[in-house]
Number of protein chains: 2
Amino acid sequence: MRPLFHPPIQDVTVEGILHALSDPVRVAIFSDLANSGCAYNCSTFLNVTEKKIPKSTLSHHFKALREAGLIRAERRGVEMHNTSRCPEIESRFPGLIAAIINAHKAQMASTQGTGKKRAARKGKQ
Amino acid sequence: MRPLFHPPIQDVTVEGILHALSDPVRVAIFSDLANSGCAYNCSTFLNVTEKKIPKSTLSHHFKALREAGLIRAERRGVEMHNTSRCPEIESRFPGLIAAIINAHKAQMASTQGTGKKRAARKGKQ
DNA sequence: ACTATAGTCCAATAAATACGAACTATTGAA
DNA sequence: TTCAATAGTTCGTATTTATTGGACTATAGT
């Protein structure tokens, strides 16, 4: 069991962060994680969105967040312990994460209850 | 010649913006545009990065920025007149664009002159 | 009308993503 | 220690998205 790869903070890129958070599922997961500040296991997020997300897809999303440098993941027995790397990122890119999460919240607020299936990124998902 | 499609500001999504700006060429273009505040034609950016970008690829990138709601494009004779939609976006997602551009600048500063070919998004590009 | 210029569209190829099924690691019980 | 259950990962395939050369369209100036 090789330990999971985490990019050192100086290798984390804006492009990588934006790409990782350009997926509705991932931004929802990360938002939750960063917000609560604490750790979660993957399965917590089987229902972050309206529809159930397959296990393998979730695993892929967590890997994407980890490789972008957004979260830190380590085994805790049989499950994973995921924490956001916000403090490190904040020192490298001040205000970036806060602005994204804030925008995400604003968007959630503006669409809630409208029943509108907002087209995120060309209607995918 | 149908006029180009521009999404109304309320249809612009965070995911769409992040995705559009998760490409190094596009974030460079948009950064320039937003920074100078004024308009440019596409060909100005044939060399935004170290390598020459094919015309058709540039066209695709401008279309991506436009469809994400980041820029407004209109014909001016034989060329295009591109302007950033920063003010509108600012009112919908306060601080988002500024944070991204700021982070992008910080990253540029941290890599300049190192000759390091920073791996943006899994080494692509 | 002809030519040059700026950009778009098309189609082939390459790369990334989604997800079911099979697999691995860890825990707790028998 | 062997078995079953749980949490995630990996693999293979189908689908989607991105890249880019080359043909095409619109406009301006001769």
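Predicted model only: the values in this text are computed from it and were never measured. Throughout, residues of each chain are indexed from 1 in the direction in which the sequence is written. Working convention: letters from A go to chains and numbers from 1 go to ligands, in the order in which they are written. Local features in a predicted model are, by the rule used here, given only for residues with pLDDT of at least 70; side-chain atom pairs are given and counted only at 80 or more, and totals for whole chains, interfaces and linings are based on all residues.

Novice: I tried to follow the overall build of chain A on my own but got confused; where do I start?
Specialist: Under the DSSP-based scheme used, a helix requires at least four consecutive residues in state H or I and a strand at least two consecutive residues in state E, with every element numbered from the N terminus. Helix and strand counts for chain A stand at 5 helices and 2 strands. Exposure is read from a count of other C-beta atoms within 10 Å of each residue's own; the residue is exposed at 12 or fewer, buried at 20 or more and partly exposed in between. C-beta atoms are placed from the backbone. Each of the 125 residues in chain A was classed as buried or not, and the buried ones make up 34%. Residue pairs at least 24 apart in sequence account for 60% of intrachain contacts in chain A once pairs closer than 6 positions are excluded. Contact between residues is assigned whenever the C-beta positions, reconstructed from backbone atoms, fall within 7 Å.

Novice: In this structure, what is going on with the relation of the copies chain A and chain B? I would like to understand it.
Specialist: The pair of chain copies shares a relation made of a rotation about an axis and a shift along it. The operation relating chain A to chain B is a screw motion whose rotation component is 180°, with 0.0 Å of axial translation and a residual RMSD of 0.1 Å. Those values place the two copies in the arrangement expected of a two-fold rotation axis. Most of the interface of chain A is mirrored in chain B, where 100% of its interface residues again form contacts. Overlaid copies result from least-squares superposition on C-alpha atoms, with residues included only where pLDDT is at least 70 in both.

Novice: Teacher, can you tell me more about the interface of chain A and chain B here?
Specialist: Size of an interface: often given as the accessible area lost when the parts come together. Listed per partner, the contact involves 24 residues of chain A and 24 residues of chain B. When residues of the side of chain A that touches chain B are traced back to their parent elements, those giving at least two are helix H1 (14-20), helix H2 (24-36) and helix H5 (96-111) of chain A. With 8 residues, H5 of chain A is the largest single contributor of residues to the side of chain A that touches chain B. For the side of chain A that touches chain B, the residue count by class is 12 nonpolar, 8 polar and 4 charged. In this classification, Asp, Glu, Lys and Arg are treated as charged, Ala, Val, Leu, Ile, Met, Phe, Trp, Tyr, Cys and Pro as nonpolar, and every other residue, Gly included, as polar.

Novice: What is the right way to read the packing of H2 of chain A against H5 of chain A from this model?
Specialist: What describes two packed helices is the angle between their axes and the distance between those same axes. All names here are of chain A. Interaxial angle, 0 to 180 degrees, is taken between N-to-C directions of lines fitted to C-alpha atoms, where a helix line uses only the stretch in contact. Between H2 and H5, the shortest axis-to-axis distance is 11 Å and the interhelical angle comes to 115°. Comparing the axis directions of H2 and H5 gives the class roughly perpendicular. Here the hand of the crossing between H2 and H5 comes out left-handed. Where H2 approaches H5, its residues Val27, Ser31 and Ala34 are matched on the opposing element by Ile97, Ile101 and His104. What sets the label is the angle itself: under 35 degrees gives roughly parallel, over 145 gives roughly antiparallel, 65 to 115 gives roughly perpendicular, and the rest give oblique. Left-handed describes a crossing whose near helix is turned anticlockwise from the far helix by less than a right angle; the clockwise case is right-handed.

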